[in-house]
Amino acid sequence: MKTPNGYCDLRVEKVNDDIIHAYIEHGYALIAVNTTVDCSLLGNGNSNKKKRKFAECNDEIVEEKDWVPTPKLISSNDSKLTILNRLTIQISNIGQLQKILSSQNFKLFNILAVEPLNDKVFQDIVTSPSVDIITCNMKTSITPKDYTIAVEKNIYFEISYCPMLFNSNTRQDTFTLAHLLHIKGKSKNLIITSGAANKLDIRNPHDVMNLGILLGLSRKLSTKSITQGCYSIILKSYGRKLGKSAIHLKPVNNNF
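None of the values given here were measured: they were computed from a predicted structure.

Q: Please explain the side chain of aspartate 146 as it appears in this structure.
A: Topologically, aspartate 146 is positioned in helix α5 (residues 144-152). The charged side chain of aspartate 146 is buried without a salt bridge, its nearest counter-charge being lysine 145 at 6.5 Å. When residues no more than four places from it in sequence are discounted, the contact partners of aspartate 146 are Phe122, Gln123 and Val126.

Q: So what exactly am I meant to see when it comes to the environment of aspartate 146 here?
A: A residue is classified by how much of its surface remains accessible, and aspartate 146, at 10% relative accessible area, is buried. Between the C-alpha atom of aspartate 146 and that of aspartate 124, which follows or precedes it by 22 residues, the distance is 9.4 Å.

Q: Before we go on, may I ask you to explain the packing of aromatic side chains in this structure?
A: Within a pair of aromatic rings, the relevant descriptors are the distance that separates the centres and the angle that separates the planes. Scanning the model with the defined rule gives three aromatic pairs in all. Between the aromatic rings of tyrosine 23 and tyrosine 28, the centroid separation amounts to 5.1 Å while the plane-to-plane angle is 80°, which identifies the pairing as edge-to-face. In this structure, tyrosine 23 and tyrosine 28 share a single accessibility class: buried. Ring geometry for phenylalanine 122 versus phenylalanine 157: centroids 6.5 Å apart, planes at 40°, classification tilted. Residue phenylalanine 122 is located in helix α4 (residues 119-125), and its partner phenylalanine 157 is located in strand β6 (residues 156-160); the two are separated by 35 residues in the primary sequence. Here phenylalanine 122 and phenylalanine 157 have matching classes, each one buried. Taken together, the ring pairs connect Phe122, Tyr147 and Phe157 into an aromatic cluster.

Q: Just to check I follow, could you spell out the sheet that holds β6 for this structure?
A: Two pairing modes exist for strands in a sheet, parallel and antiparallel, and in both the strands are linked by backbone hydrogen bonds. Spatial strand order, β1-β2-β3-β4-β5-β6-β7: seven strands in an open sheet with parallel pairing. Every interior strand has two partners, whereas the edge strands, β1 (7-12) and β7 (190-193), have only one. Two strands pair when backbone bridges link them, and strand β2 (residues 28-38) and strand β3 (residues 82-91) are joined in this way by nine bridges, in the parallel orientation. Across the sheet, residue leucine 30 finds its bridge partner in β3, namely threonine 82. The strands touched by helix α6 (residues 168-185) within the sheet are β6 and β7, with β6 carrying the most contacts at an inclination of about 160°. Lying over the sheet, helix α7 (residues 205-214) contacts β1, β2 and β7, oriented at roughly 80° with respect to β1.

Rules of the game
Residues numbered from 1 in each chain as written. Predicted model: local features only at pLDDT ≥ 70, side-chain atom pairs only at ≥ 80, totals over all residues. Heavy atoms only, no water. Helix = DSSP H or I, 4+ residues; strand = E, 2+ residues; numbered from the N terminus. Buried < 20%, exposed > 50% of the residue type's maximum accessible area, 1.4 Å probe, protein only. Lys, Arg positive; Asp, Glu negative; His and termini not counted. Salt bridge = Lys/Arg side-chain N within 4 Å of Asp/Glu carboxyl O. Contact = heavy atoms within 4.5 Å. Phe/Tyr/Trp six-rings, centres within 6.5 Å; stacked < 30°, edge-to-face > 60°. Pairing = 2+ DSSP bridges. Axes fitted to C-alpha atoms, helices over the stretch in contact; angles between N-to-C directions.

Right, dumping it as structure tokens:
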């Protein structure tokens, strides 16, 4: 396991040699390439279980489709940049999350982000130990209580700055979301990502930190949004893959 360090961007929509070189030139140390899955076709987990049970009773062979695609192929021999894979799922009920977690392809991803499509599922995912990032919008109904629970579970919220580059409407929506997260939870556990699909979308880390201040973050939280906050997400995902473990620390006697 490589300990994360340096500046991070945990949402990159597309990766190629030009984008990789741009991140290295800007001084980034780690990026996560995103794959988004719309789970609206998954239905409800319980209904799928009933279908499998019915098929078993009729001696039918059921081949489960893996709704999670394999991660995007990444080939980079440059040791200056660590590249991880991130999965973002859009869900309308908690049963869809359980189905994704049981996928074999899901195990190939490093980071799990969830975009809740309604308020009920938002309330459900803030208590899930499997969720690393919550991607929401200004219409998401966030209560201070739910925000606090998410922070206690070490779940992070996300703001992507690329939509701000498109037009004034998406720019205003981003500011509104940032204001909402500040009102509901003082912008705790907040990371700033790019959502970049080409190298022109990428901004250097100092510009991103200055943007964080414009979005209402303190200088400390703005710096943390592309450094320590991202490290916490990555280490949590490593821990999920390793499973439960225990360590014993013993002080070393320096008196020789």
